[in-house]
Every structure is written in structure tokens, then in C-alpha cells.
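# Inside the fold
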Amino acid sequence: MSDDAPIRLHRSSVIPDVGFVHGFPERAGGVSTGPRASLNLGARWGDDRANVTENRRRLAAHAGYDPDQLVATRHVHGTAVWRHGEPLADDAEFDGLVCNTVGPVLGAFAADCIPLLFADPVARVAGAAHAGWRGTVGGVATNVVDRMRELGSKPENVRVALGPSIGPCCFEVGPEVVAEFTAAFGDVPGMIVDGPNKQHVDLRVATRAQLEQAGVLPEHIDAAPPCTRCEADRFFSYRRDGREGGVHMGFIGLT
Ligand SMILES: [Zn+2]
């Protein structure tokens, strides 16, 4: 994968073009090498920070924002949501972010986990979150909607795009994980599917159920992204490549 390839953004039609900048970058178009080739946007797994900085600069230039506008927090598979403007320590850990001002571009990192982008074009509020299975079971998506409500959002106006993430095709889990999902969501059709060996969880189905429970309209949820583990030429995947691989970053901001 050469580093002069163009950046490619997976985008969702539920996020309005007017009033928001958003995207889920694929892996092409950056300067990182090896299993991180090439648009690795995360610095925690050992890539040269200069590579990550250059990749973030290229992404910002492509998307039309200034790299200094990016606001990101350390994700810990938790459910806490930070509102832009609240104090933020350097070691703060938040898996969700919301804002209602023009300027910040919120980033949500993921490599198989779901990067979630939220947009309310009526109250003019944006949100981003990282949701793996723990965050999904814990309700991080619901927490983002709750914090958007604090900023004036009505759930029926909130649009939510699920970014490229591990699909039900590849997300094989143990019975203890299946039990967590069943305890959290009940018997949601399609959430647990039989695989060749163990059962698989469909994180998208669980996320959609959670968002609808929170009042988001079904037609405002885009829950059919590509599978990161299946498409190695387009996406990084933790299950496929481990920490040698790269990390994606969905982004959204008000314009
Ligand atoms: Zn797959």
C-alpha cells in the first residue's frame, strides 16, 4: 500500500452534509508502514508519533479541518462521556464525547470496535464514541444520547452512524460474553448467531436496539458498515493483526 494513495472516507447518509463534517477513514493514504500501513491514526500501540501526526494532518487536510481542531480522549472500553468545555485531565479516560459548538472535531478510535458518530441537526449537537463489546453492554451509546439531551437534543432528531467494525461474520465470542449480551438486552433477534465453532455476537444489532430504546428513530440509524476483519485491504483489525496493526478514527464536528 503506497503512501501516495488517496485518503478514502467511508461516510454515512444519515449524517447531514450541511452543518457537519464527518467520516470514517479507511487505511489508505498515510505514511505508516508494515501492518500499520498506512493511515494509522492511533499512537498508543507503538507507531512512531511523527507518523501518526502526519497521518492526522493529512486526514484533516483531506476532510477540511485544522489538525488543531481534533479533540480526542483516551478510550478504556468504558461508558463515560465527556462534554466539550468540561475540565479534561491529560490522563482522562472517556469513551464518548459530545459538543455543541463549531470548532472541535471529535475523534473516536477503533480497530474492530464500533466508532459511533452522532449528529443532531436541530439542536446542533455532535457526538462520537468507541464501543467494543464491553462499552456496548455498558451502554456508552445511550450515555452519549443522554449527554446530548443535556445540550438540548431530542432523541428523535439524533442521527447515528456506526462505522466500519467487526461484523457478525467474524465476532466469535465465548459463552460468558453471550451471557452478558443476553443479560443486558434480552432476546434481540439476530444479536446472537451460530458460527462454525462458537456463537457470534452482532454488535450492530445490539447497538441499534440500545439506540432505539433511547428514543433514536430506526431510520436515523445507519447500522450496516463494512466488516474490518474481512476487508484487510481497506481496514485495520485488532482480531486479525493485534497491536502490530493500526487504528482508525471516526470524526465529526459542527460546521
Ligand atoms: Zn467479517
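What this report covers is the structure whose coordinates are included nearby.

Rules and cut-offs
- Once a new chain begins, its residue numbering starts again from 1 and follows that chain's sequence as written.
- In keeping with the model being predicted, local features are shown solely for residues with a pLDDT of at least 70 and side-chain atom pairs are shown and tallied solely at 80 or more, while totals for entire chains, interfaces and linings include all residues.
- Helix numbering and strand numbering both begin at the N terminus, where a helix is a DSSP run of H or I of at least 4 residues and a strand a DSSP run of E of at least 2.
- Only C-alpha atoms enter the radius of gyration; for comparison, a globular chain is expected to reach 2.2 Å times N to the power 0.38, where N is the number of residues.
- Residue pairs are scored as contacts if the distance between their C-beta atoms, which are placed from the backbone, is within 7 Å.
- Residues enter a nonpolar core if they are buried, belong to Ala, Val, Leu, Ile, Met, Phe, Trp, Tyr or Cys, and are joined to the set through C-beta atoms within 7 Å.
- Field definition: a residue is buried when 20 or more other C-beta atoms are found within 10 Å of its C-beta, exposed when 12 or fewer are, and partly exposed for counts in between, with C-beta atoms placed from the backbone.
- DSSP-based pairing: two strands are paired if at least 2 bridges between them are found.
- All axes here are fitted lines through C-alpha atoms, helices being fitted over the stretch that makes contact, and every angle between N-to-C directions spans 0 to 180 degrees.

## Considerations on the overall build of the protein chain
In terms of helices and strands, the protein chain carries six helices and 13 strands. The C-alpha radius of gyration of the protein chain comes to 17 Å, within 12% of the 18 Å expected for a compact globule of 255 residues. With respect to the principal axes defined by its C-alpha atoms, the protein chain has extents near 45 × 45 × 35 Å. Sequence separation of at least 24 residues holds for 63% of the intrachain contacts in the protein chain that already meet a minimum separation of 6.

## Observations regarding the nonpolar core
Ranked by internal contacts, the top residues of the largest apolar core, which has 61 residues, are Leu106, Leu116, Phe118, Ala126, Ala128 and Val144. Beyond its immediate stretch of four places on either side in the chain, leucine 106 contacts Val71, Leu97, Cys99, Ala126, Gly127, Ala128, Phe251, Ile252 and Gly253.

## Observations regarding helix α5 (residues 203-213)
Counting buried positions over the 11 residues of α5 gives eight, a clear majority of the element. When we look at burial in α5, the residues that qualify are Leu203, Arg204, Ala206, Thr207, Arg208, Ala209, Gln210 and Leu211.

## Remarks on the environment of glutamine 213
In this structure, glutamine 213 sits in helix α5. With 14 C-beta atoms packed within 10 Å, glutamine 213 lands in the partly exposed category.

## Notes on unusual backbone geometry
Most of the time, phi is negative for any residue but glycine, and the peptide bond is trans. The peptide bond linking alanine 37 to serine 38 adopts the cis configuration, its omega dihedral lying at -5 degrees. By the secondary structure assignment, serine 38 is in the loop between β2 (20-25) and α1 (49-63). A positive phi is found at histidine 77, a non-glycine position, where the angle reads about 60 degrees. By the secondary structure assignment, histidine 77 is in the loop between β3 (70-71) and β4 (81-83). Here histidine 77 falls in the partly exposed class, since 17 other C-beta atoms lie within 10 Å of it. Of note in the backbone geometry, aspartate 112 takes a positive phi value of approximately 100 degrees without being a glycine. Among the secondary structure elements, aspartate 112 is positioned in the loop between β6 (105-110) and β7 (114-120).

## Quick word on the sheet that holds strand β13 (residues 248-254)
Pairing between the strands of a sheet comes from backbone hydrogen bonds, and it takes one of two forms, parallel or antiparallel. One open sheet accounts for five strands, arranged β1-β2-β13-β6-β3; its pairing is mixed. The strands lining the two open edges of the sheet, one partner per strand, are β1 (9-10) and β3. Across two bridges, β3 lies against β6 in parallel orientation. Each bridged residue has a counterpart across the sheet, and for leucine 70 the counterpart in β6 is valine 105.

## Structural notes on the sheet that holds β7
Strand order across the open sheet formed by six strands is β4-β5-β8-β7-β9-β12, with mixed pairing between neighbours. The open sheet is flanked by β4 and β12 (221-222), the only strands paired with a single partner. The pairing of β7 with strand β8 (residues 125-131) spans seven bridges and is classified as antiparallel. For leucine 117, the partnering residue across the bridge sits in β8 and is alanine 128. In the packing of helix α3 (residues 140-150) onto the sheet, the strands contacted are β4, β5 (96-99), β7 and β8, and the crossing angle to β8 comes to about 165 degrees. Packing of α5 onto the sheet brings it into contact with β7, β8, β9 (159-162) and β12, and relative to β9 it is tilted by some 170 degrees.

## Some remarks on the pairing of β6
For β6, the tally of buried residues reaches six of six residues, placing the bulk of the element in the interior. Looking at chain direction, β6 and β13 are connected through six bridges and run antiparallel. Its bridge partner lying in β13, valine 105 is registered against glycine 253.

## Let's talk about the pairing of β9
Because side chains alternate across β9, one face comprises the buried residues Arg159 and Ala161, and the other comprises Val160 and Leu162, equally buried. Pairing analysis gives four bridges linking β7 to β9, with the strands arranged antiparallel. Bridge pairing in β9 places leucine 117 opposite alanine 161. Bridging between β9 and β12 involves two bridges; their strand directions are parallel. When the sheet's bridge partners are listed, alanine 161 is paired in β12 with aspartate 222.

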